[in-house]
Amino acid sequence: QVQLVESGGGLVQAGGSLRLSCAASGRTFITYDMGWFRQAPGKEREFVAAVNVNGQSTHYADSVQGRFTISRDNAKNAVGLQMNGLKPEDTAVYYCAGRRGGATLLEIISQASGYDSWGQGTQVTVSS
C-alpha cells in the first residue's frame, strides 16, 4: 500500500479550472494503478479518472471526458487531476486512490472496491 494526500481543492466559478494533486509515499507507488473518485452529499462515491502503472493508459468517466485530465509522475510519486470547464455538478469531495497495477479494463479500474489505498479527500466547490 501507499499513503496518499490530496491537495488543490477550493471554490471556483462555473467554467473555471482547478488542479488537484496527490502526493504518495512508499516505494511501491510505481506498481500501483492510480485513480480519482468523488463523492457529493447524499450520493455514492463515483469514479472520475484513472491512470495505469506505466502511465500509458488513462480512463475517464463519461461525465468528465474531455474536461478532466489525469497524469502521473513516477519520479515524484505524484498524481494530478486537471479539471477544466467545471460545472456546479462537479462539486464534491475528491479522493485519490491506489490499487495494485495491471488493470486494463474500465470495468475493473473504475471500481472503488478494487483500491486499497485512499487519501482523506479535498473539497471542490463550483458556484454558478
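Residues numbered from 1 in each chain as written. Predicted model: local features only at pLDDT ≥ 70, side-chain atom pairs only at ≥ 80, totals over all residues. Heavy atoms only, no water.

A. Expanded view of the sheet that holds strand β8 (residues 78-83). Taken together, the four strands give an open sheet; going across it, the order is β1-β3-β8-β7, and neighbouring strands pair in antiparallel fashion. Two strands bound the open sheet, and with one partner strand each, they are β1 (3-7) and β7 (68-73). In this sheet, neighbouring strand axes are inclined to one another by 15° on average, regardless of whether the strands run parallel or antiparallel. Strand direction decides the pairing type here: strand β3 (residues 18-25) and β8, joined by six bridges, are antiparallel. Of the residues in β8, the one forming a bridge with L18 is M83. (Pairing = 2+ DSSP bridges. Helix = DSSP H or I, 4+ residues; strand = E, 2+ residues; numbered from the N terminus. Axes fitted to C-alpha atoms, helices over the stretch in contact; angles between N-to-C directions.)

B. A look at the state of the cysteines. Considering all chains together, one arrives at one disulfide under this definition. Covalently, C22 is tied to C96 through a disulfide, its sulfur atoms 2.1 Å apart. Its torsion about the S-S bond being -80°, the disulfide of C22 and C96 is classed as left-handed. Of the two residues, C22 sits in strand β3 while C96 sits in strand β9 (residues 92-100), which places them 74 residues apart along the sequence. With relative accessibility at 1%, the residue C22 sits in the buried group. (Disulfide = S-S within 2.5 Å. Buried < 20%, exposed > 50% of the residue type's maximum accessible area, 1.4 Å probe, protein only.)

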